[in-house]
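Survey of secondary and tertiary structure
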Amino acid sequence: MNPNYIGVSVIEFDGNAEFKVLHKEVFDLTALTKPSGKDSSDVKSKYFTNKLRHETLAIAHKVNKLVDYWKCSKLAIEDLSIKPKDQKKGKNFNRLCNNKWERSLFVNKLKMLAGIHKYELVEVNPAYSSIIGNFAYGNENTPDMVAASIEIARRAYKKFEKGWFYPRF
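Calculation criteria
Residues numbered from 1 in each chain as written. Predicted model: local features only at pLDDT ≥ 70, side-chain atom pairs only at ≥ 80, totals over all residues. Heavy atoms only, no water. Phe/Tyr/Trp six-rings, centres within 6.5 Å; stacked < 30°, edge-to-face > 60°. Helix = DSSP H or I, 4+ residues; strand = E, 2+ residues; numbered from the N terminus. Lys NZ or Arg CZ within 6 Å of the ring centre and 35° of its normal. Expected span 1.5 Å × (residues − 1). Buried < 20%, exposed > 50% of the residue type's maximum accessible area, 1.4 Å probe, protein only. Contact = heavy atoms within 4.5 Å. Lys, Arg positive; Asp, Glu negative; His and termini not counted. Salt bridge = Lys/Arg side-chain N within 4 Å of Asp/Glu carboxyl O.

Let us look at the packing of aromatic side chains. Counted according to the given criterion, the structure contains five aromatic pairs. Each ring, one from F13 and one from F19, has its centre 5.4 Å from the other, and the planes form 55°; the classification is tilted. Look at F13 and Y157: their rings are 3.7 Å apart centre to centre, the planes differ by 5°, and that puts the pair in the stacked class. Of this pair, F13 sits in strand β1 (residues 5-13) while Y157 sits in helix α6 (residues 144-157), and the two are 144 residues apart along the sequence. Taken together, the aromatic side chains of F13, F19, Y137 and Y157 make up a single cluster linked through ring pairs. One residue, R103, lies across the ring of W101, its end atom 5.4 Å from the ring centre.

Here it is in structure tokens:
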């Protein structure tokens, strides 16, 4: 998850803890997170904010449908706890991370849907998931956010087992 993209992958494990990717998808929110050039109280800004919230909830429902379609027993997400602050990376970056990212809305909706539809939601430490995901699974058909989602899913498979957090290269 990031403010502009949500990467999703469905993976299946065999008896030897090897896996294959069944489905991968990227949800692009960049058109809704770009600056409108207007004040936050302007009608256009409010429209984009409401549209972003709506699309975020629609993505959560789409992820739930993927879980149902592929008969998944677990849904793995990043365990993020980011406090709003100055990240020292510029005004637009702070705007995206602190104001535009509907991370809590998305996660809370997934938790609610997991409870209703009776599948396990596993929150995983996201440390280095993009780097490891890109190194191990990234290619021209698997962008950064999907490669990271594959790594998050791999970690969730055996979350509490020692020696499983980082893959062997």
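What follows continues from the structure just given.
Bringing α6 into the picture now. Compared with the 20 Å implied by 1.5 Å per residue over 14 residues, the 20 Å span of α6 between its first and last C-alpha is a close match. Taking burial as the measure, the 14 residues of α6 include 12 buried ones, the bulk of the element. Among all positions in α6, only M145, V146, A147, A148, S149, I150, E151, I152, A153, R154, R155 and A156 are buried. Against β1, β2 (19-28), β3 (74-78), β4 (120-124) and α5 (129-137) lie the buried residues of α6.

Locating K109 in the fold gives a position in helix α4 (residues 103-117). Buried within the structure, K109 lacks any salt-bridge partner; E102 is the closest side chain of opposite charge, at an N-O distance of 13 Å. Once residues within four sequence positions are removed from consideration, K109 is found in contact with L57, A60 and H61.

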